[in-house]
Each structure stands twice: as C-alpha cells, then as structure tokens.
Amino acid sequence: MTCPIRSCFDFDCIDPNNALPFARVALDNDGVSLSEMNLHGKDLIESVKTRLGAMELPRGLEVPAARLSELPKTLANVERRLTEGANSPLRLALFGPTGVGKSKIFNSLLGSVVSPAGFRRPFTMRPVYSVHESHSDLSSRMQGDIRIRKGDLWRDIVLIDTPDFDSVEQHNREEAERVLLEAEAFVFVTDVQKYADHSTWEYLERISAENKPLIIVLNKAVSEGAELDFRSRLDRKFHRSDIEVIRERPIDDATLIPSDDVALQRIGQRVSEILGTPTECRALLVSAFRADLRRLFESWDASASTLRKYLAGVEALRVRLSNRFERAGATIVEDVSTPLDPSVKAEVYERVLERLRAIDVLRYPRRLLALPFEGLRLLAGKWWPSRKDASRTSPEEASRNQGFQVVESRLLSLVEETRADFQSEARCPCLLCVEVASAMRIPHSELVELHREKEAEFRAWLEREARDTASRLTTESKLKFILSQVIYNGIFVGIQIHTAGHFTLLEAATDGVLSPLFAKAVGMVVSSEKVGQFEKMARAERARLLSQVLDAGKARFERYLDSTVAWQAAFESVSRDMEQLESEGESLLEAYANVPVAVSPPPPAESRRTRLGGDAVT
C-alpha cells in the first residue's frame with residue numbers, strides 16, 4: 001500500500017564520517033571555531049537526511065515532485081559547503097541543451113581533450129570534473145569522472161562539463177539538475193538550433209533568479225540573424241544582451257577550437273573575472289551557500305505544507321469513518337428483528353416465579369389452604385403453567401438468514417460510502433484507489449463465518465442470561481410482591497375480625513382458592529416485567545454483536561489509514577530538526593562568511609595570465 005521514496009534520497013555523495021580537511025579553522029569574535037559550527041550544522045543535516053531516508057510516503061500522495069526531489073540534493077550541497085569551507089575552489093559548469101558543443105568548448109578552454117566529444121547524442125553521460133592538483137583531495141566528494149590537471153590555469157576553479165538538461169535519458173537530466181544546484185557560476189552554451197527552445201529559457205531564468213555569474217555563449221553561429229534575435233530576446237527577458245558568439249567552423253566535434261579564436265579568448269577572460277580575488281571568490285561561495293539554505297527551507301516548507309494537509313485530511317476521514325459506522329451500528333437493530341424463542345421466555349418467566357415463591361413468607365399457610373384446590377387441579381389433569389413444547393422451531397432460526405443479509409448489505413453500502421468519501425477529500429484525493437477499495441470489502445465466506453460466530457455468542461448469552469435473570473431481582477420487585485401479599489392477607493384477616501371470628505367452611509374454601517391465585521397474579525406481573533427487561537437486553541446485545549460485524553469492516557479502513565501515515569513520526573522529527581536548523585541558519589551563515597581569506601603565495605609572473613592551449617592571453 002505504500003511506495004518507498006528512499007531511492008529519491010541518495011546521500012552517498014557525502015561521507016558523514018569524514019573529518020573537515022578542507023575547512024579553514026578560524027575563530028570568530030565569540031571564540032567558536034567554524035569547524036565547530038560546521039559539525040553542529042552537519043549533525044542536524046545528518047539527522048534530517050537519516051529520517052527522510054526512513055520515510056515511506058503512501059502511494060498517490062501529491063507532494064510537489066520538484067520540491068521533494070530537490071531536498072536531498074540541496075542537503076548534500078549544504079553539507080558539502082560546510083565541510084569544504086568558504087575558501088574552497090569555485091565550481092563553474094558548462095551547461096546547456098543537447099548537441100550544442102559544451103564538451104568541445106570545455107576541452108578548448110582547457111587546451112586538451114579532457115571530456116570526450118562526438119556526434120552521438122547524448123554523448124556526455126556523466127559530469128566531468130577538471131580539478132587542479134592543489135585541490136585533488138576534493139575529488140572524493142565529486143560525483144562524476146575526475147580529471148586532475150597541472151599548471152597554473154585557474155587553480156581555484158573546478159570546471160564541470162555537464163550532461164544535457166534536455167536529454168532523452170532521465171539519468172542525464174537528473175545529473176544536470178544536481179550540477180545546477182552544485183555550481184556557483186555557469187557558462188551557458190546554446191546554438192542556433194536550440195536557443196529558442198522553452199527549456200533553454202527555463203534554465204536561463206532559474207540561473208538568473210539566483211544571481212549566479214553567467215556567461216552566455218551562442219555556438220555554431222552562421223549568420224547574424226540568429227545572433228540578433230537571441231540578443232533581442234535576452235534583452236526583453238533579462239535586460240542584458242552580452243553574449244559570446246562562436247562561429248561555425250568546418251571541423252569535427254573532437255577537434256578543439258583554435259586557441260586564437262577571439263570568442264574563446266573572451267570566454268576565458270570572463271571566467272578569470274568571475275574568479276576574481278580570493279575575497280570575491282569567497283563572496284560567491286557565501287552567496288551560493290545562502291541560496292542553498294534558502295532553497296532547502298523553501299523546498300521543505302512546500303513539502304511539509306502538503307504533508308500536513310494530507311495528515312489533516314486523513315484525520316478528518318478517520319473521524320467521519322468512525323461516525324459513519326457508529327450510526328450504522330445504532331440503526332441496524334431497527335432493520336434486524338430479534339424474536340426470542342418462547343421456551344426461553346417461559347424459562348425466564350418460571351425462574352422469576354420460583355424466585356418469588358422462595359421469598360414468599362406466607363407460602364406455607366397458603367399452601368395448606370390451597371390443598372383442596374391443588375387436589376382438584378391434579379384430578380382434572382391440568383398443568384399450571386402449560387407444558388413447554390420443545391419440538392417447536394425457534395423463531396431465531398428464521399431471523400438469522402435475514403440478519404446476515406441485512407448486515408452484508410449494510411457493509412457493502414458502508415464500503416461504497418467510505419470509498420466515495422475518501423475520494424472526495426481534497427487534501428488526499430488519491431488516498432483510495434479502486435484496488436484498495438476492493439480489498440476493503442470482507443469476503444463473503446469470511447463474513448458468513450464472522451456472522452455465525454456472533455450468532456453463537458448471542459445464543460450462549462441468551463441461555464446464560466435466562467438462568468441468571470431471576471437471581472437479579474431488584475429490591476423493588478421483591479418488595480412489590482411481598483407488600484401485595486401482606487395487603488391481601490391483611491384484608492382477609494380484617495374481614496375475619498369484622499365477622500367476629502365466624503370462620504365458615506365456605507370462607508376457608510374461598511380463601512384457599514383466591515389467596516394462591518392472587519399471589520400467582522402478582523408473581524405473573526413481576527415476571528412479565530422481568531421478561532420485558534430481558535427482551536430489551538436481548539435486543540441491545542444483538543445490536544452490539546451485529547455492530548461488531550460492522551466494526552470488522554471499519555477496522556480494515558482504520559488499518560489502511562494507519563499505514564498511510566506510518567511516516568508521521570519521522571516527519572515530525574524532521575520538522576523539529578529543520579526548525580532548529582532554520583533558526584540557526586543566519587548564525588551558521590555569518591560564521592561561514594567571516595572565515596578569513598586564506599592568503600597563498602603569489603604565483604610566478606607568467607602564471608598571472610590565463611593560458612589557453614599553451615598560448616598566453618593577457
């Protein structure tokens with residue numbers, strides 16, 4: 001029922017066990033080292049990514065895909081920057097659509113074939129990092145093909161040849177997205193065939209929105225028409241028209257652009273200008289760190305908002321589900337008749353009478369007076385009460401089939417109502433698909449067995465309750481019976497006193513008949529009341545047991561709802577960590593920005609010029 005998203009959170013690019021070999025340890029005004037600040041931030045990030053990796057979101061959860069997939073990459077970037085420090089080399093990526101000549105320009109800038117180029121599209125499948133040997137230790141933190149270079153060309157720049165962002169290969173697009181977040185500056189390459197594409201302008205807008213340094217190159221230009229159109233579009237969109245134009249040359253993809261190409265030289269000069277002084281380079285890194293933190297918090301806020309709405313929707317569904325089944329359980333007794341076997345009612349009736357006779361203080365005198373009447377009744381061969389007919393079919397049997405049909409029909413209706421309710425909840429509209437809704441129905445055979453089990457419990461309850469009802473006579477019933485006997489016999493004694501003790505045989509016979517009949521009548525009234533209470537209890541018990549059959553259907557939905565929010569605990573933990581990280585973000589950024597610039601010995605005089613293909617260009 002759930003769809004794991006662990007695969008989206010691939011943090012293997014960062015080794016949490018590594019120390020901070022690239023961070024310059026410097027003390028701020030409070031005497032707290034940057035490495036200590038970094039370690040604290042890394043602990044929070046490590047906690048966030050561990051819990052994110054443990055979250056398994058349910059199928060159909062409509063979390064903004066771009067925001068969710070951005071989280072692990074941005075987390076990795078933030079942790080990498082904390083690890084490397086603000087004096088790390090600048091990462092500059094050659095970025096652009098398919099087949100525009102990125103690799104060729106990349107190689108030409110470096111003066112050698114570092115990243116293979118060819119006519120096959122797409123050709124570059126993994127990022128290619130050109131790292132100066134002075135920063136070779138950084139290579140373990142780069143996901144791609146690493147090329148170590150020597151010399152003095154751009155010592156503090158990592159040049160990246162990036163896969164196409166519009167590639168037909170999803171892996172290439174994902175790698176391009178990762179480099180887009182990772183790089184601090186860009187050489188954006190397009191050509192006369194691609195410059196008008198929607199994806200080109202989408203990525204230009206994304207890079208410009210973060211104010212990252214951007215060199216725009218129009219490659220393979222044949223005429224000025226495309227160049228003028230491209231400049232015009234740039235001016236309208238971004239209020240800039242500065243582009244470098246590399247003319248079409250009759251050479252293959254693997255051959256480098258000549259080092260004396262004016263556009264190539266200008267690109268090299270502008271790359272050097274982007275690098276600038278160590279202070280300017282550090283300012284770019286701080287700006288990128290700030291952008292990564294902002295992106296991290298914005299991505300989390302967008303995802304968390306959707307997740308919280310989802311949780312609120314699930315809770316609302318849970319409440320409505322409980323109310324729906326509760327109403328169904330309360331009304332099902334009205335749809336299912338609960339006739340009781342007359343023999344069961346007669347048993348309750350007789351047991352109550354026996355209990356009343358046992359507490360009757362006048363039973364022995366009355367029995368003596370009633371001997372003539374009992375003799376006549378025995379002679380007449382009449383029973384009192386009438387003999388039970390054990391052969392009669394219990395009406396309960398006739399109601400069981402009807403009860404099962406009502407329960408099954410009600411369950412099907414409840415499943416359909418719940419399915420419609422789940423699908424109408426705007427906060428989690430894809431929560432219940434057709435397959436899951438079908439699985440929520442209890443199979444007929446299982447329902448038959450469950451109903452049979454509850455009917456057996458009901459019959460056992462009837463037998464047990466019939467035996468125990470008489471023993472639970474209320475004080476009111478006992479007093480009612482005893483008081484009636486006292487009043488009757490008081491009246492009879494009063495009559496005898498009134499007649500001055502003339503006790504005739506007729507009066508004795510009359511009292512012998514009326515006294516037990518009166519006692520019997522009062523006992524019958526009390527017994528009838530008790531039988532009525534028994535029937536009411538039986539209906540309530542039947543409704544309770546049938547509601548348990550409905551509850552089995554409700555339990556299936558409740559288990560499913562529980563499974564859809566199993567990630568909630570991890571989510572709340574991530575929320576707390578992200579809250580703490582955001583509250584400390586400015587302090588961390590300030591400490592990161594205030595690292596003293598690492599002053600290196602000045603390079604030899606000739607290395608102060610940018611070298612392209614072995615030729616020095618001022």
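Look up a bit, the structure's there.
It should be emphasised that the depicted structure is a prediction, and the values quoted were computed from it without experimental measurement. (Residues numbered from 1 in each chain as written. Predicted model: local features only at pLDDT ≥ 70, side-chain atom pairs only at ≥ 80, totals over all residues. Heavy atoms only, no water.)

Undergrad: Would you take a moment to explain the overall build of the chain for this structure?
TA: Summing up its helical and strand segments, the chain has 18 helices and 9 strands in all. Here the chain, with 618 residues, has 47% of them falling under the buried criterion. Taking all contacts inside the chain whose residues are at least 6 apart in sequence as the whole, residues at least 24 apart take part in 81%. Element-wise, carbon and sulfur atoms account for 54% of the exposed surface of the chain, whose accessible area totals about 30500 Å². (Helix = DSSP H or I, 4+ residues; strand = E, 2+ residues; numbered from the N terminus. Buried < 20%, exposed > 50% of the residue type's maximum accessible area, 1.4 Å probe, protein only. Contact = heavy atoms within 4.5 Å. Areas by Shrake-Rupley, 256 points an atom, 1.4 Å probe, with all protein chains shown as cover.)

Undergrad: Any chance you could explain the sheet that holds strand E6 (residues 214-221) here in plain terms?
TA: In space, the 7 strands of this open sheet follow the order E3-E2-E4-E1-E5-E6-E7, with mixed pairing throughout. Looking at the sheet topology across the chains shown, the edges are occupied by strand E3 (145-149) and strand E7 (244-247). Adjacent strand axes in the sheet meet at a mean angle of 20 degrees, parallel and antiparallel pairs treated alike. Sheet topology places strand E1 (residues 90-95) next to strand E4 (residues 157-161); 5 bridges connect them, and they run parallel. (Pairing = 2+ DSSP bridges. Axes fitted to C-alpha atoms, helices over the stretch in contact; angles between N-to-C directions.)

Undergrad: When you look at the packing of aromatic side chains in this model, what are you seeing that I'm missing?
TA: Throughout the structure, instances matching the rule amount to 15 aromatic pairs. Between the aromatic rings of Phe289 and Tyr592, the centroid separation amounts to 4.4 Å while the plane-to-plane angle is 45 degrees, which identifies the pairing as tilted. Note that Phe289 is positioned in helix H8 (residues 278-335) and Tyr592 in helix H18 (residues 585-593), a separation of 303 residues in sequence. For the pair Phe289 and Tyr592, one class covers both residues: buried. (Phe/Tyr/Trp six-rings, centres within 6.5 Å; stacked < 30°, edge-to-face > 60°.)

Undergrad: Is there a simple way to explain unusual backbone geometry in this structure?
TA: Excluding glycine, a negative phi dihedral is what most residues carry, and trans is how most peptide bonds are arranged. The backbone phi angle of Trp154 is positive, close to 45 degrees, even though this residue is not glycine. In this fold, Trp154 is placed in the loop between E3 and E4. Judged by its relative accessible area of 6%, Trp154 is buried.

Undergrad: Which parts of the structure should I look at to understand the pairing of E6?
TA: Sheet faces and side chains relate simply in a regular strand, where the side chains alternate between the two faces. Most of E6 is tucked away: 7 of the 8 residues are buried. The pairing of strand E5 (residues 185-191) with E6 spans 6 bridges and is classified as parallel. Along E6, the bridge assignment pairs Phe186 with Leu214. At this point the chain moves from E5, through helix H5 (residues 198-209), to the parallel E6, and the crossover so formed is right-handed. With 3 bridges connecting them, E6 and E7 associate as parallel partners. Looking at the pairing, Leu218 lines up with Val245 of E7. With helix H6 (residues 224-238) bridging E6 and its parallel neighbour E7, the resulting β-α-β unit is right-handed. (Right-handed = clockwise from strand over helix to strand, strands pointing away.)

Undergrad: For this particular structure, what's the right way to read a negative patch on the surface?
TA: The grouping of Glu298, Asp301, Glu579 and Glu582 at the surface amounts to a negative patch. For the negative patch, the secondary structure elements donating two or more residues are H8 and helix H17 (568-583). By the element assignment, Glu298 lies in helix H8. (Patch = residues over 30% accessible without salt bridge, like charges linked within 9 Å, V, L, I, M, F, W, Y side chains within 5 Å. Salt bridge = Lys/Arg side-chain N within 4 Å of Asp/Glu carboxyl O. Lys, Arg positive; Asp, Glu negative; His and termini not counted. Charge placed at Lys NZ, Arg CZ, Asp CG, Glu CD.)

Undergrad: Please explain the nonpolar core as it appears in this structure.
TA: Looking at soluble globular proteins, one finds that nonpolar side chains tend to be buried together. Counting residues in each nonpolar core, the largest one holds 89 residues, and the members touching the most others are Leu92 and Leu431. Among the elements that line this core, the one with the most residues is H8, at 19 residues. Setting aside its immediate chain neighbours within four residues, Leu92 contacts Ile157, Val158, Leu159, Ile160, Ala185, Phe186, Val187, Val271 and Ile274. By size, the runner-up hydrophobic cluster in this structure holds 30 residues, among which are Tyr129, Phe188, Ile207 and Val245. (Core = buried A, V, L, I, M, F, W, Y, C linked by side-chain atoms within 4.5 Å.)

Undergrad: How do you make sense of the packing of H5 against H6 when you look at a structure like this?
TA: Helix packing geometry: the angle between the two helix axes and the distance between the axes. One can describe the packing of H5 onto H6 by two numbers: an axis separation of 12 Å at closest approach and a directional angle of 45 degrees. In terms of orientation, H5 and H6 fall into the oblique class. When you trace H5 past H6, the crossing you get is right-handed. Here Trp201, Leu204, Glu205 and Ser208 of H5 come into contact with H6, specifically with Phe230, Arg233, Leu234, Lys237 and Phe238. Residue composition of the contact of H5 with H6, by class: 5 nonpolar, 1 polar and 3 charged. (Parallel < 35°, antiparallel > 145°, perpendicular 65-115°, else oblique. Left-handed = near helix turned anticlockwise from the far one by under 90°. Nonpolar A, V, L, I, M, F, W, Y, C, P; charged D, E, K, R; others polar.)

Undergrad: Where do I start with the pattern of salt bridges in this structure?
TA: As enumerated under the stated definition, the model contains 42 salt bridges in all. Glu425 serves as the salt-bridge partner of Arg320, at 3.0 Å between the closest nitrogen and oxygen. Taken as a pair, Arg320 in helix H8 and Glu425 in the loop between helix H12 (395-424) and helix H13 (434-439) lie far apart in primary sequence, 105 residues in all. For the salt bridge of Arg441 with Glu416, the shortest nitrogen-to-oxygen distance reads 2.5 Å. Separated by 25 residues along the polypeptide, Arg441 in the loop between H13 and helix H14 (444-468) and Glu416 in helix H12 bring together distant segments of the chain. In this structure Arg441 comes out as partly exposed when scored by relative accessible area, which is 33%. Among the charged side chains, a network of salt bridges with common partners joins Arg80, Arg81, Glu84, Arg91, Glu175, Arg178, Glu182, Glu184, Glu210, Lys212, Asp292 and Arg295.

Undergrad: Whenever I open this one, the environment of Val314 confuses me. Can you help?
TA: Along the polypeptide, Val314 turns up in helix H8. Judged by its relative accessible area of 2%, Val314 falls in the buried class.

Undergrad: Please clarify how H18 should be interpreted in this entry.
TA: One turn of an α-helix holds 3.6 residues; hence residues three or four places apart share an orientation. Taken together, the buried positions of H18 are Gly585, Leu588, Leu589, Ala591 and Tyr592. Considered in projection along H18, the buried side chains sweep an arc of 165 degrees and stay on one side of the axis. Away from its buried face by more than 90 degrees, H18 exposes Glu586 and Glu590. (Arc of directions from axis to C-beta.)

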